[in-house]
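# Summary of the model geometry
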Amino acid sequence: MNALTPTVSTAVVFDHPEFSEHEDVIFAHDAATGLFAIIAVHDTRLGPALGGCRMWPYDHAGDALTDALRLSRGMTYKNAVAGLPLGGGKAVIIADPKKHKTPGLMEAFGLHVDRLGGAYITAEDVGISPEDMEAVARSTEHVRGTRETGLGDPSPYTALGVFAGIQAAARHVYGSEDLGGRTVSVQGLGSVGFGLAGHLHKAGAKLIVSDIDAPAVVRAIDAFDAIAVDPAEAHMAPVDIFAPCALGAGLNSRTIPRISAKIVAGAANNQLQTEADGARLKERGILYAPDYVINAGGVISIALAKPGSGDNTVRHQTLAIGETLTEIFRRADSEDRSPEKIADEIAEERLAAA
Ligand code: NAD
C-alpha cells in the first residue's frame, strides 16, 4: 500500500461532523490509473451542483472526505447567494498533482462525473489546470473551465467582484463608494490580490501591500506606488480597509483586536477562523464582507461563460456582488446580527424557496 492509498478507516459519512444532508457522496476508484476520488453532491435544489475538483496528497482518506463534505456545502451557499441557478458540489482527488497526475487519471475521473448524469458539474480547483479539465471533457460533458466552455482564468473576475464589494462596504460605512484617498491593506498579491490592487489603484486608493513572495511585493510597489509591510502585520496597518487575499483563518482572536480598519473585505476563502470571530468583528464595529459572497466572481465566470459571447453577462453578475452585499449589510444592521449570519440565511431562504 503506498502513501496515497486510502485506508479502510474512512469515516462513516452519515456520522461525519461535516455531513449536512448531502444528496450523494461517491467514492470513485480506477485501478488502471490509480484514481482515488470523492465526489460530494451537497444540494441540487437550485440546479446541478457546480464545484471545482481539488487534487491534494491527503495523508488520510478521512481528510479528503472532510474537505469534500465541507467544500461542497460551501459551494451550495456560495452559488445560492450569487444568484446562480446551480447547487453545490465538490470533488477531491487523492493524489500529488506534481507526481501522480496523468491525462488517463483525469479521463477516469471524468467517467465517474459522467455517471452522475449531470447532477455534478466539475471545474478547476487547487492542483487542477484548464488542461486537466480538457482531459476530463473527453469523458463527460458535465465540465466547465475548458477552452470551449470558459473565459479562462477566473481570477480577474474574482478581483472585480471583490472590488465591487469593497465599494459597497465603503458606501455603507462612509456614505460614499469613492475610494479616492482611502487606504487599503492588501495581504497576498497573487492572481486575485494583484488584480484587486490594480482596481484600487485606478480608483485612487493608497495601497499598503504584503506577500511572503518578495518579487510580488516589488512588482506592486512599482506598479501601484504602494508601501510594503510585513505580511504578518498586514492586519495592523493603519488603513480604512483590510483586504485579506492570501490564506484562510486570518481573522481570529489574536488578529481581530489589532485590526485598525473599519472594513474587512478580501478574496481569501474561510477568513474567519471560528464562528466566534464574526461576532468579534461585529463587537469591534468592523464591517466584514462575508468571504464566499465577495469572492464569487470566479465561480460566476465559470458558471455563466458562453462560448463566443464575450463576458458582458459575467461582468454584470459579478458587479452585482456589490448590491448583494449592500442588502446583507443593511439587514445585518437592522437585525443587529453579523453579515456572515445574514448571508447564510439568504442562502437558506433561496434554497427553501426553490
Ligand atoms: P494565489 O496562489 O495566486 O496567490 C496567493 C498569494 O498569497 C501568493 O502570492 C502567496 O505568496 C501569498 N501568500 C501566501 N501566504 C501568505 C501570507 N501568510 N501572507 C501574505 N501573503 C501570502 O491565489 P489566488 O488565486 O490569488 O487566491 C487568493 C485567495 O483567494 C485564496 O484564499 C483563494 O482561495 C481565494 N479565492 C480565489 C479565487 C480565484 O478566482 N483565484 C476565487 C475565490 C477565492
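Residues numbered from 1 in each chain as written. Predicted model: local features only at pLDDT ≥ 70, side-chain atom pairs only at ≥ 80, totals over all residues. Heavy atoms only, no water.

## Here's the deal with the overall build of the chain
Test applied: Segments assigned H or I by DSSP are reported as helices when at least four residues long, segments assigned E as strands when at least two residues long, and all are numbered from the N terminus. In this treatment the radius of gyration is a C-alpha quantity, and the globule benchmark scales as 2.2 Å times the residue count to the 0.38 power. Only four residue types enter the charge count, namely Lys and Arg as positive and Asp and Glu as negative; His and the chain termini do not. By convention, charge coordinates are those of NZ in Lys, CZ in Arg, CG in Asp, or CD in Glu.
The helix and strand tally for the chain stands at 12 helices and 12 strands. For 354 residues, the compact-globule estimate of 2.2 N^0.38 gives 20 Å, and the C-alpha radius of gyration of the chain, at 20 Å, lies within 12% of that figure. Taking the principal axes of its C-alpha atoms as reference, the chain extends roughly 60 × 45 × 45 Å. Positive and negative side-chain charges in the chain, numbering 31 and 45 respectively, have mean positions lying 4 Å apart.

## Some remarks on the site of the ligand
To be explicit about the condition: For this purpose, a residue is taken to be near a molecule or strand whenever a single non-hydrogen atom of the residue falls within 4 Å of it. Pairs of N or O atoms within 3.5 Å make up the polar contacts considered here, provided that, within protein, one atom can donate a hydrogen while the other can accept it, and that residues adjacent in sequence are counted only when both atoms are side-chain atoms. Note that accessible areas follow from Shrake-Rupley with a 1.4 Å probe, and for residues the cover is restricted to the protein chains shown. Nonpolar residues are Ala, Val, Leu, Ile, Met, Phe, Trp, Tyr, Cys and Pro. Charged residues are Asp, Glu, Lys and Arg, and all others, Gly as well, are polar.
With respect to spatial proximity, 19 residues lie near the ligand, and among them Thr 158, Val 192, Asp 211, Ala 246 and Asn 269 are the closest. One of the side-chain N or O atoms of Asp 211 is found 2.7 Å from an oxygen atom in the ligand. Contact distances for the ligand include 2.7 Å between an oxygen atom and a backbone N or O atom of Ala 246. When the ligand is considered free in solution it has 830 Å² of accessible area, and contact with the protein chains removes 70% of it. Those elements that place two or more of their residues in the shell around the ligand are helix H4 (155–174) and helix H5 (191–202). When grouped by side-chain class, the residues that make up the shell around the ligand number 10 nonpolar, 7 polar and 2 charged.

## A closer look at the domain arrangement of the chain
Let me state the cut-off plainly: Residue ranges labeled as domains rest on an automatic or database domain assignment. Any two residues whose heavy atoms approach within 4.5 Å at even a single point are treated as in contact. The term buried area means the drop in 1.4 Å probe accessible area that two parts suffer when joined, counted for both and summed. Salt bridges are counted wherever a side-chain nitrogen of Lys or Arg sits within 4 Å of a carboxyl oxygen of Asp or Glu.
When the domains of the chain are assigned, the result is domain 1 (10–137) and domain 2 (155–353). Computed from C-alpha atoms alone, the centre-to-centre distance between domain 1 and domain 2 is 26 Å. Between domain 1 and domain 2, the contact holds 17 residues from the first and 22 residues from the second. Summed over both sides, the interface of domain 1 with domain 2 buries roughly 1,500 Å², with 71% coming from carbon and sulfur. On the domain 1 side of the interface with domain 2, the three residues burying the most area are Tyr 77, Lys 78 and Val 81, jointly 43% of the side's total. For the pair domain 1 and domain 2, the number of links is 0 salt bridges. Looking at the side of domain 1 that touches domain 2 element by element, the count peaks at 8 residues for helix H1 (residues 61–81).

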